[in-house]
Amino acid sequence: LYSISILGAGMEMFEKILVPLDGSALAQAILPYVMIVAKGFDSRVVLFHVAETAFDLEAPEQKTYADETMERMRPLAENYLAGVADEFRREGIEVETKVVKGRAAAQILEHAEQENVGLIAMSTHGRSGLTRLVMGSGIDKILRACEQPVLLVRPRDEGASGEAAGRLSKIVVPLDGSDAAEAALPFAEELAKVLGLEIILIQVLGVETTVQFGPALPDSWRVPSDVLQRLDVVASGYLTGLAKQLKERGLTVQWEVLRGAPGPRIVEFAKDTPDCLVAMTTHGRSGFRRWVMGSVADEVVRHTGEPVLIIRPQRSR
């Protein structure tokens, strides 16, 4: 069973939060959740704008033009971030702003490392440099390279202003029995303690298994009902043990065993659990083998509309 002896535990876990913004209302959909976390953990928030350029910065003539364009854009970006920062200051949150030029993913990673950021928080939609950050190559670079957890949210309505207040009352933690998946638990515990959230542990049992017969296409087979029943007993015992640990530390915990394809069942469960945050890791086993870099977390982020906290297992010690 898991241990909470992790890097940055307690109130220092999210001491500094990096929030990339591109000036769009969609990118600002993350802000209500950043405010919730920042208030609870007394975090310092860094509002971060990357002015991207399509020019080759290695070519002297193009670099000169890019620098001139950046100098014209910088005051606009700084004024925009200053306005957002005022909203945080009115809530009593310490905030700073920073405008840089370059490639969005590279600059986010560099700043997060240099400034000892505890959390990167951003929307899955935006414009310019953030347009494809989550579902494209940019977010892959961030999730593969950074040690920090990443808080993502997909705006429910792409035409919305992003100003609706976020609310959190529960944190859903999908597990699969592996140590890698359990790396999300220490973060879930600290968030639950500080923000007063109920923890819901879930495990999804696949009802089908895929068998590869030589070079032929793989075939899917229904898992026999008696096997599913035995797996259900094992999963129930596993979740009961984890829930007992958390309850002994004063937390409110529920657990549930689900059946079906992992991605869709997690999405469905999150949609049926209002005001929740989903906390999951980038690796697991069985149905979760390709979390984030593959289909499961990608599907959760794309379709829940709830905030999703992505954690790399190697942060667990």
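Refer to the preceding data block for the structure.
Computed from a prediction, not measured in an experiment: that's the story for all the values here. (Residues numbered from 1 in each chain as written. Predicted model: local features only at pLDDT ≥ 70, side-chain atom pairs only at ≥ 80, totals over all residues. Heavy atoms only, no water.)

Q: Got a minute to help me understand the side chain of Gln 28 in this structure?
A: With respect to the helices and strands, the residue Gln 28 is situated in the loop between strand 1 (16-20) and helix 1 (31-41). With relative accessibility at 9%, the residue Gln 28 sits in the buried group. One polar contact links Gln 28 to Tyr 80, side chain to side chain, over a distance of 3.0 Å. (Helix = DSSP H or I, 4+ residues; strand = E, 2+ residues; numbered from the N terminus. Buried < 20%, exposed > 50% of the residue type's maximum accessible area, 1.4 Å probe, protein only. Polar contact = N/O pair within 3.5 Å; in protein donor to acceptor, adjacent residues only side chain to side chain.)

Q: Which parts of the structure should I look at to understand the sheet that holds strand 7 (residues 198-205)?
A: Strand pairing in a sheet relies on backbone hydrogen bonds. The paired strands run either parallel or antiparallel. One open sheet accounts for 10 strands, arranged 3-2-1-4-5-12-11-6-7-10; its pairing is mixed. Both outer strands of the open sheet, strand 3 (94-101) and strand 10 (253-259), are each paired with one neighbouring strand and no more. Across this sheet, the average inter-strand angle for adjacent strands is 25°, counted without regard to direction. Inspection of the sheet shows strand 4 (residues 119-123) paired to strand 5 (residues 150-153) by 4 bridges, in the parallel sense. Note on strand 5: the bridge partner recorded for Ser 123 is Val 153. (Pairing = 2+ DSSP bridges. Axes fitted to C-alpha atoms, helices over the stretch in contact; angles between N-to-C directions.)

Q: What is the right way to look at the packing of aromatic side chains in this model?
A: The relation between two aromatic rings is expressed through the spacing of the ring centres and the mutual angle of the planes. Counted under the stated rule, the structure contains 2 aromatic pairs. An angle of 75° between the planes, with centres 5.1 Å apart, marks the rings of Phe 14 and Phe 41 as edge-to-face. With Phe 14 in the segment before strand 1 and Phe 41 in helix 1, the pair connects residues that are 27 residues apart, well separated along the chain. For the residue pair Phe 14 and Phe 41, the accessibility class agrees, reading buried in each case. (Phe/Tyr/Trp six-rings, centres within 6.5 Å; stacked < 30°, edge-to-face > 60°.)

Q: Quick question: what am I supposed to make of helix 3 (residues 104-114) here?
A: Listing the buried residues of helix 3 in full gives Ala 104, Ala 105, Gln 107, Ile 108, Leu 109, His 111 and Ala 112. Just beyond helix 3, the residue with positive phi is Asn 116, at close to 55°.

Q: Is there a simple way to explain the pattern of salt bridges in this structure?
A: Once their charged atoms are close, side chains differing in charge can pair, the charge on each being opposite to the other. If you walk through the whole model with that rule in mind, you get 13 salt bridges. The closest approach of N and O atoms between Lys 39 and Glu 91, which form a salt bridge, is 2.5 Å. Taken together, the residues span a long stretch of sequence, with Lys 39 in helix 1 and Glu 91 in the loop between helix 2 (60-90) and strand 3 at a distance of 52 residues. Residue Lys 39 is classed as partly exposed on the basis of its relative accessible area of 47%. Arg 167 is the salt-bridge partner of Asp 275, the closest N and O atoms lying 3.8 Å from each other. Of this pair, Asp 275 sits in the loop between helix 8 (262-271) and strand 11 (276-281) while Arg 167 sits in the loop between strand 5 and strand 6 (170-175), and the two are 108 residues apart along the sequence. (Salt bridge = Lys/Arg side-chain N within 4 Å of Asp/Glu carboxyl O.)

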